[in-house]
Amino acid sequence: MILALRALGVGDLATAAPVLRALRAAHPDRELVLAAPGWLAPLVDLVGGVDRLVPTDGLGRPDAALRSPYAAVNLHGRGPESHRMLAGTRPGRLLAYASPEAGHHDGPAWRADEHEVDRWCRLLDWYGIPADRTDLDLRRPAAGDVPTGVTVLHPGSKIPAKRWPPGRFAALARTLAARGHRVVLTGSPAERATAQRIAQAAGLPADAVLAGRTDLGRLAALVAYARLVVSGDTGVAHLATGYRTASVVLFGPVSPALWGPPPERDRHRALWAGVEGSPRWEGVGSHPTLAAIGVDEVVAAVDEVERAVRVSGAVAA
């Protein structure tokens, strides 16, 4: 058994797709087990290559099903907690960043200024396992009963500083709807009230609010068959990358150099008003670098990515 730990969220799993596939290719005859939250199961299936998901929330005592792997791979963090959890499974070998505090002196040094995809590809490369950082595409699910060809606006985030002001999402929704976009609003059940206020302010029908009404599988399908996605720096943005759905991602406080869409893909735009090395911000509400992004700037970025889609379609034809 090859055990990979990534007990995090949607964006974390989507950015780990290249390394999970690299582990699959490097160990074709061994079971690949992923320790991650159970609710991510639909997305694990869409990443592909994983034989078994062991539901894992947090970094406590490892599940008995994870004992004695041939190798354990820490895709969770730099340690020491995650290193110690994996060491507790008694692996034949631990592939992880160096963490003297956890007693792990093997592995490369952690870099704080590295894109999340590159970070884990570099880890595997250090151990002689090549990983392709561009291998981010996700399996396309059946559309089922989700609306297709819609423009998805995702105003929420677990982190308040990463939320673009709702009033601007309303203005954007109103502008895009006037241009012929069928706009829908997604989010968690806790974000449904905000989505409803945005829809009302934008003059959208009540059924445009899908927040709290889509599980992860249906959300992935919605993004896979969407016309466009506009969101903050959150998991939905990584789904758009995985499906090559045109997207505009609004960043703040974290730089897109760390979590942004691949720069070589021209149907994605990352907007950020910050500068590298900006001081940590402890305020309330949208981060200043996010609040500095105006509606007109987002509309211009939408025009750019939609033009890129038209050009690529013409070339393919």
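Everything here concerns the structure above.
Residues numbered from 1 in each chain as written. Predicted model: local features only at pLDDT ≥ 70, side-chain atom pairs only at ≥ 80, totals over all residues. Heavy atoms only, no water.

## Here's the deal with the environment of His 104
Here is step 1 of the chain: The residue His 104 is located in the loop between strand 5 (94–95) and helix 5 (116–126) in this model.
Here is step 2 of the chain: Its relative accessible area of 10% is what places His 104 among the buried residues.
Here is step 3 of the chain: Along the backbone, His 104 and Pro 80 are 24 residues apart, and their C-alpha atoms lie at a distance of 8.7 Å.
Here is step 4 of the chain: Separated by 3.4 Å, the side chain of His 104 and the backbone oxygen of Ala 96 make a polar contact. (Helix = DSSP H or I, 4+ residues; strand = E, 2+ residues; numbered from the N terminus. Buried < 20%, exposed > 50% of the residue type's maximum accessible area, 1.4 Å probe, protein only. Polar contact = N/O pair within 3.5 Å; in protein donor to acceptor, adjacent residues only side chain to side chain.)

## Here we look at the layout of surface pockets
Here is step 1 of the chain: Of the volumes computed, that of the largest pocket is approximately 820 Å³.
Here is step 2 of the chain: What lines the largest pocket is a set of 27 residues, among which Val 10, Trp 39, Lys 158, Thr 234 and Gly 235 lie closest to the centre.
Here is step 3 of the chain: Elements with a minimum of two residues in the lining of the largest pocket: helix 1 (10–15), helix 8 (216–224) and helix 9 (235–242).
Here is step 4 of the chain: The class makeup of the residues in the lining of the largest pocket is nine nonpolar, 12 polar and six charged. (1 Å grid on protein atoms, 1.4 Å probe; cavity = no way out; pocket = protein on both sides within 12 Å on 5 of 7 lines; lining within 4 Å. Points joined across faces, edges and corners; volume = space filled by probe spheres on them. Nonpolar A, V, L, I, M, F, W, Y, C, P; charged D, E, K, R; others polar.)

## What about the side chain of His 154?
Here is step 1 of the chain: Structurally, the position occupied by His 154 is in strand 6 (residues 151–154).
Here is step 2 of the chain: You can call His 154 buried: its relative accessible area is 8%.
Here is step 3 of the chain: Here His 154 is in contact with Phe 169, Thr 186, Gly 187, Glu 191, Val 230, Ser 231, Gly 232, Thr 234 and Val 236, once residues within four sequence places are set aside. (Contact = heavy atoms within 4.5 Å.)

## Remarks on helix 8
Here is step 1 of the chain: A large share of helix 8 lies buried, amounting to seven of its nine residues.
Here is step 2 of the chain: Buried within helix 8 are the following residues: Leu 216, Leu 219, Ala 220, Ala 221, Leu 222, Val 223 and Ala 224.
Here is step 3 of the chain: Buried positions along helix 8 lie against helix 1, helix 3 (41–47), strand 6, strand 7 (183–185), strand 8 (228–232) and helix 9.

## Some thoughts on the pairing of strand 4 (residues 71–74)
One face of the sheet, then the other: side chains in a regular strand alternate in exactly this way.
Here is step 1 of the chain: What you see with strand 4 is no split at all: Ala 71 and Val 73 on one side and Ala 72 and Asn 74 on the other are buried throughout.
Here is step 2 of the chain: Judged from the two bridges that link them, strand 4 and strand 5 form a sheet pairing that is parallel. Note that in strand 5 the partner of Ala 72 across the bridge is Leu 94. (Pairing = 2+ DSSP bridges.)

## Here we look at the packing of aromatic side chains
Here is step 1 of the chain: Applying the stated rule across the entire model yields five aromatic pairs.
Here is step 2 of the chain: Relative to Trp 110, the ring of Tyr 97 has its centre 5.3 Å away and its plane inclined at 75°; by these criteria the two rings are edge-to-face. Of this pair, Tyr 97 sits in the loop between strand 5 and helix 5 while Trp 110 is found in the loop between strand 5 and helix 5, placing the two residues 13 residues apart along the sequence.
Here is step 3 of the chain: Overall, the relative accessible area of 0% leaves Tyr 97 in the buried class.
Here is step 4 of the chain: For Trp 110, a relative accessible area of 22% corresponds to the partly exposed category.
Here is step 5 of the chain: Members of the aromatic cluster, connected to one another through ring pairs, are Tyr 97, Trp 110 and Trp 120.
Here is step 6 of the chain: Here Arg 119 stacks its cationic end above the ring of Trp 110, 4.2 Å away from the centre of that ring.
Here is step 7 of the chain: For Arg 140, the ring lying beneath its charged end belongs to Tyr 225, and the centroid distance is 5.4 Å. (Phe/Tyr/Trp six-rings, centres within 6.5 Å; stacked < 30°, edge-to-face > 60°. Lys NZ or Arg CZ within 6 Å of the ring centre and 35° of its normal.)

So yeah, pure geometry; function would need other evidence.
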